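Survey of secondary and tertiary structure
Read off the chains here:
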Amino acid sequence: MAILGRTYFNTSLTLGSLIEEDTPSTINPATRLVCTIGPVSNDAETLTQMLRSGMSIARFDFSYGDQELHQRGLDNLRKASKQISTLCATMMDSLGPEIVVMNRPSKPITLEAGQTVRLVCDSSQQASKDVLPISYPSLSGTGLQPGRSVFVGQYLFTGETSVNGPLEGKQAGNFSTCCRCRC
């Protein structure tokens, strides 16, 4: 019997049992290995290697590529799975609602800490350091209000994918919201 804190439980765990090789089991492992299937990994040979290496879930990321690319990957996964008699689950990662800054200039927009920028639901306006037209019909019901933050990410500021720009709501409206940059 082992004592752990105030919990008492019976255990057959010994130091010897930790280093013994496990006997084959019919119980499926609780851990799953999820692999994203893309242009580099969607051929049957690569997928066969991935299955043999332990892939148990194939993830198809629909934020890039087209239907033909993903269909080819799925068809090849079926071939590979059948060839080595291994089941593999599939997961479709679809692009959810995304708010995009519209009409961006060719050069990245630079925002400075403390400056005010307006988010507007008017896609006819040109994006600048003062105005960011977004692809959203209305800000009504979005929860963006004074004191709340919204993050504008990726290429907008520096062209780097790792840069985010936190904006704090100052004044909220249905089609336009003033924000303070906290970059």
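A few points on the structure. Computed from a predicted structure; not experimentally measured.

Okay, the pairing of strand E3 (residues 34-37) next. Alternating residues of E3 divide into Cys35 and Ile37, all buried, and Val34 and Thr36, none buried. Pairing of E3 with strand E4 (residues 57-61) involves four bridges; the strand directions are parallel. Bridged to Val34 within E4 is Ile57. Handedness of the E3-helix H2 (residues 44-52)-E4 crossover: right-handed.

A few words on the sheet that holds E4. In a beta sheet, neighbouring strands are held together by backbone hydrogen bonds and run either parallel or antiparallel to one another. If you trace the three strands from one edge of the open sheet to the other, you get E3-E4-E5, paired in parallel fashion. Looking at the sheet topology across the chains shown, the edges are occupied by E3 and strand E5 (89-93). This sheet shows a mean twist of 30° between the axes of neighbouring strands, independent of strand direction.

All right, on to the pattern of salt bridges then. On inspection of all chains with the given rule, the structure shows four salt bridges. Asp61 serves as the salt-bridge partner of Arg59, at 3.5 Å between the closest nitrogen and oxygen. There is no split in this pair, since Arg59 and Asp61 are both buried. Across the pair Asp93 and Arg59 runs a salt bridge, and its minimum N-O distance is 2.5 Å. Of this pair, Asp93 sits in strand E5 while Arg59 sits in strand E4; the two residues are 34 residues apart in sequence, bridging distant segments of the chain. Note on Asp93: relative accessible area 28%, which makes it partly exposed. Residues joined in a network through salt bridges with shared partners are Arg59, Asp61 and Asp93.

Cut-offs used in this document
Residues numbered from 1 in each chain as written. Predicted model: local features only at pLDDT ≥ 70, side-chain atom pairs only at ≥ 80, totals over all residues. Heavy atoms only, no water. Buried < 20%, exposed > 50% of the residue type's maximum accessible area, 1.4 Å probe, protein only. Helix = DSSP H or I, 4+ residues; strand = E, 2+ residues; numbered from the N terminus. Pairing = 2+ DSSP bridges. Right-handed = clockwise from strand over helix to strand, strands pointing away. Axes fitted to C-alpha atoms, helices over the stretch in contact; angles between N-to-C directions. Salt bridge = Lys/Arg side-chain N within 4 Å of Asp/Glu carboxyl O.

These results come straight from atomic positions and should not be treated as a statement about function.
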